[in-house]
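Listed below, chain by chain, are the residues.
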Amino acid sequence: MSEPQTTAAAVAAAAATHPPLRRRVIVCGGGVIGVCTSYYLSKSGAAAVTLIEQSSIACAASGKAGGFLALDWCDGGPLSSLARSSFNLHRQLSDDLDGPISYGYRPLNALSLTIRDSDHGPSRSTGPGGFGPGPDVPGWVNGPVRDVKSIGSAQTTAQVDPFMFTGRVLRDGVEKYGVEVVKGRVVSVGTAREGHVGVVLEGGGVVEGDAIVLALGPWAGKLGVLGSVMRVYGMKAHSVVLRPKEVGKGGGGITPHALFLSYVEERGGKATDPEVYPRPNGEVYICGATAECEVPDDPEQVTPNPDSIKIIKKVAGKVSSHLAEGEAEVKVEQACILPYTDDGIPAIGELPGIKGCYVATGHSCWGILNAPATGAALAELILDGHSSIVDLSPFNPARFLKSKKR
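As the structure is a prediction and not an experimental result, all values here were calculated from the model.

Student: Looking at this model, I keep getting lost on the overall build of the protein chain. Mind explaining?
Tutor: Scanning the protein chain from terminus to terminus reveals 10 helices and 20 strands. Evaluated residue by residue, the protein chain yields a buried proportion of 56% over its 406 residues. Accessible area of the protein chain: about 16,600 Å², with a carbon and sulfur share of 50%.

Written as structure tokens, this is what we have:
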């Protein structure tokens, strides 16, 4: 993975070397949205791209997410076409970038199920209202699960390791298409000389370009230029990565089944919705315990809540004895902050009031899924003035100005 260079001066030096006939685009944010946007812009051959990241590539949610992909889970809403296009682009990228080897791309099945603290003993039967396993429940899911339903198949659901995916896409962008990666913290954005926009970096460096993309996740909300148009806030999600020591004979190993749980705590506790994602490398990712939070200045300052991690581990052991304490090595305990807008729909498009300044944020828990189509559509919008891949009108950030006037 390409790590950012260390000085703001490197940005100006990189920009100076770009061929003048190509549009110079500054992409702010080294997460999956910024990386995919940089990739498709540079791949077009019509843009010279500088990617600015304040910390390290995929250091936040893009490196700590589950990496689940779904073709049709957003059907019936404004995200439908974006999600469907992006799911198919993930398949194409996997073919182009050797996804199964490079970043763990694979189709998988998805199950929903219920598990209660008050239930004990192994699974015994299957189907709504009963305990599994049966033909639809893998052998390693040997806890007292009930209400088992199939909600995704190898044709409609898949997964990637998001950290590895982001790094692999960026590597192609750098090595094949000339993306420049520079370390710097964006503190403000505005118009520069005629026909250009500029980014001011911490320390006083200024980078000018023909267009700017703000793909900063929840950190986009810290820029005044965005705050005047819309609110971007953060939801903190926790996760644990386990490596089971051994799976019982005849269990078939940890099979590619994503689990979407309804977990009910003892003594009338509230239900939560943890998720379990086995990965091809033998690890199992479990996430949950999400709540709104303050966004710190530095992504490296995001730390997990011990109580939330404890709940996730408890759920893991309840679902499968192979994920219980003592039976699985704890590889990672972590937290990340997901970006949300007030209407729950991503903001993708040109910001009102600053020509040439674009935003791509607010993707919530669907950032990994929707990153390729977001990047490809935004590249078209910047270079051609419109997107043919996805209709971006539902995501236009100007919608928030209209709502303020009501």
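Now that the structure is up, let's keep going.
Student: Please clarify how the sheet that holds strand E19 (residues 347-350) should be interpreted in this entry.
Tutor: One key point about sheets: their strands pair by backbone hydrogen bonds, in either a parallel or an antiparallel sense. One open sheet accounts for 6 strands, arranged E8-E2-E1-E12-E20-E19; its pairing is mixed. Edge positions in the open sheet fall to strand E8 (180-183) and E19, since each of these has one partner strand only. Between one strand and the next, the sheet's axes are offset by a mean angle of 20°, whatever the strand orientation. Both strand E12 (residues 211-214) and strand E20 (residues 357-361) contribute to a ladder of 3 bridges, which runs parallel. What sits directly across from Ile 212, in E20, is Cys 357.

Student: Could you clarify how one ought to interpret the packing of aromatic side chains in this entry?
Tutor: What describes a pair of aromatic rings is the distance from one ring centre to the other and the angle between the planes of the rings. Taken as a whole and assessed by the stated rule, the structure comprises 11 aromatic pairs. On the basis of an interplanar angle of 85° and a centroid distance of 5.0 Å, the ring pair of Tyr 39 and Tyr 40 is categorised as edge-to-face. Ring geometry for Trp 73 versus Trp 366: centroids 6.4 Å apart, planes at 85°, classification edge-to-face. With Trp 73 in the loop between strand E3 (68-70) and helix H4 (80-97) and Trp 366 in the loop between E20 and helix H9 (367-384), this residue pair connects regions lying 293 residues apart in the sequence.

Student: Where do I start with the sheet that holds strand E10 (residues 197-201) in this structure?
Tutor: Spatially, the 3 strands line up as an open sheet ordered E9-E10-E11, and their pairing is antiparallel. Each edge of the sheet is formed by a strand with only one pairing partner; in this case those strands are strand E9 (186-191) and strand E11 (206-209). Across the sheet, the mean angle separating the axes of adjacent strands is 20° when strand polarity is ignored. As paired strands, E9 and E10 are joined by 5 bridges and run antiparallel to one another. Across the sheet, Gly 190 pairs through a bridge with Gly 198, a residue of E10.

Student: Just to check I follow, could you spell out the pattern of salt bridges for this structure?
Tutor: Think of it this way: side chains of opposite charge can pair up when their charged atoms draw near. Under the definition given, this model contains 13 salt bridges. Between Lys 222 and Asp 297 there is a salt bridge, and its shortest N-O distance comes to 3.4 Å. Here Lys 222 is found in the loop between E12 and helix H7 (224-227), whereas its partner Asp 297 is found in the loop between strand E17 (284-293) and helix H8 (306-319), with 75 residues between them in sequence. Using a relative accessible area of 44% as the deciding quantity, one classes Asp 297 as partly exposed. Look at the salt bridges and you will find they share partners, linking Arg 185, Glu 202, Lys 222 and Asp 297 into a network.

What counts, and where the lines are drawn
- Residues numbered from 1 in each chain as written.
- Predicted model: local features only at pLDDT ≥ 70, side-chain atom pairs only at ≥ 80, totals over all residues.
- Heavy atoms only, no water.
- Helix = DSSP H or I, 4+ residues; strand = E, 2+ residues; numbered from the N terminus.
- Buried < 20%, exposed > 50% of the residue type's maximum accessible area, 1.4 Å probe, protein only.
- Areas by Shrake-Rupley, 256 points an atom, 1.4 Å probe, with all protein chains shown as cover.
- Pairing = 2+ DSSP bridges.
- Axes fitted to C-alpha atoms, helices over the stretch in contact; angles between N-to-C directions.
- Phe/Tyr/Trp six-rings, centres within 6.5 Å; stacked < 30°, edge-to-face > 60°.
- Salt bridge = Lys/Arg side-chain N within 4 Å of Asp/Glu carboxyl O.

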